[in-house]
Amino acid sequence: YAVFDESQFNFELQDEHRVLVVKVAVPLHLNYALSLLKDSYRPLRRPLPSLEDRYNEAIEHCTIVLGHFKEQQEGLQEGDKVKALYRRGLAR
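Here goes a summary of the coordinates provided.

Looking at the side chain of R87
Here comes step 1: When you line up the elements, R87 lands in helix α3 (residues 78–91).
Here comes step 2: Among buried Asp, Glu, Lys and Arg side chains, R87 stands out as unpaired, with D80 the closest opposite charge at 7.5 Å.
Here comes step 3: A polar contact of 2.9 Å, which involves the side chain of R87, links it to the backbone oxygen of L30.
Here comes step 4: R87 has contacts with L30, N31, L34, L37 and C62, leaving out every residue within four places of it along the chain.

Looking at the packing of helix α1 (residues 15–37) against α3
When two helices pack together, their arrangement is captured by the angle between the axes and the distance separating the axes.
Here comes step 1: Closest axis-to-axis distance for the α1/α3 pair is 10 Å, and the angle between their directions is 25°. As judged from the angle between their axes, α1 and α3 are roughly parallel. α3 is crossed by α1, and the crossing has left-handed handedness. Facing V26, L30, N31, L34 and L37 of α1, the residues of α3 in contact are D80, K83, A84, R87, L90 and A91.
Here comes step 2: Class assignment for the residues of the contact of α1 with α3 results in 7 nonpolar, 1 polar and 3 charged.

Rules of the game
- The residue numbers shown here count from 1 along each chain, following its written sequence.
- pLDDT decides what is reported in this predicted model: residues at 70 or higher carry local features, side-chain atom pairs at 80 or more are listed and counted, and totals for whole chains, interfaces and linings draw on all residues regardless.
- Computation of side-chain values covers all heavy atoms of the structure but excludes hydrogens and water.
- Each helix corresponds to a stretch of at least 4 residues labelled H or I by DSSP, and each strand to a stretch of at least 2 residues labelled E; elements are numbered beginning at the N terminus.
- Accessibility here uses a 1.4 Å probe with only protein chains present; expressed as a share of the type maximum, an area under 20% marks a residue as buried, one over 50% as exposed, and anything in between as partly exposed.
- For the charge count, each Lys or Arg is scored as positive and each Asp or Glu as negative, with His and the chain ends excluded.
- When a carboxyl oxygen of Asp or Glu is within 4 Å of a side-chain nitrogen of Lys or Arg, the pair counts as a salt bridge.
- Whenever two N or O atoms come within 3.5 Å, that pair is a polar contact, provided that in protein one can donate a hydrogen and the other can accept it, and provided that, for residues adjacent in sequence, both atoms are side-chain atoms.
- For this analysis, residues touch if any pair of their heavy atoms sits within 4.5 Å.
- Under this scheme, a helix contributes an axis fitted over its contacting stretch, all axes are lines through C-alpha atoms, and angles between N-to-C directions fall in the 0 to 180 degree range.
- Throughout, the term roughly parallel applies to angles under 35 degrees, roughly antiparallel to angles over 145, roughly perpendicular to angles from 65 to 115, and oblique to all others.
- When the near helix sits turned anticlockwise from the far one by under a right angle, the crossing is termed left-handed; a clockwise turn instead gives a right-handed crossing.
- Under the convention adopted here, Pro, Cys and the residues Ala, Val, Leu, Ile, Met, Phe, Trp and Tyr are nonpolar, Asp, Glu, Lys and Arg are charged, and Gly plus all remaining residues are polar.

And the structure:
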């Protein structure tokens, strides 16, 4: 098992790779935020986070998605922006 330290790697993704990463990462962030907002949320590890912690984490994931829109990344769909705004609003 090795710990990945992102600060040790200084690289820039090429444009076509950045688009692919965004297309995969955005739905993952949105789905995770939605799962955090559900009443039936049960994480695999203990202890269970408080409701406030779950909502704060959901806000963080939605803000990451909105950051991609602010940077005007390619490969984004307008519906994803609406989902991120709605779920962030639910968490607040």
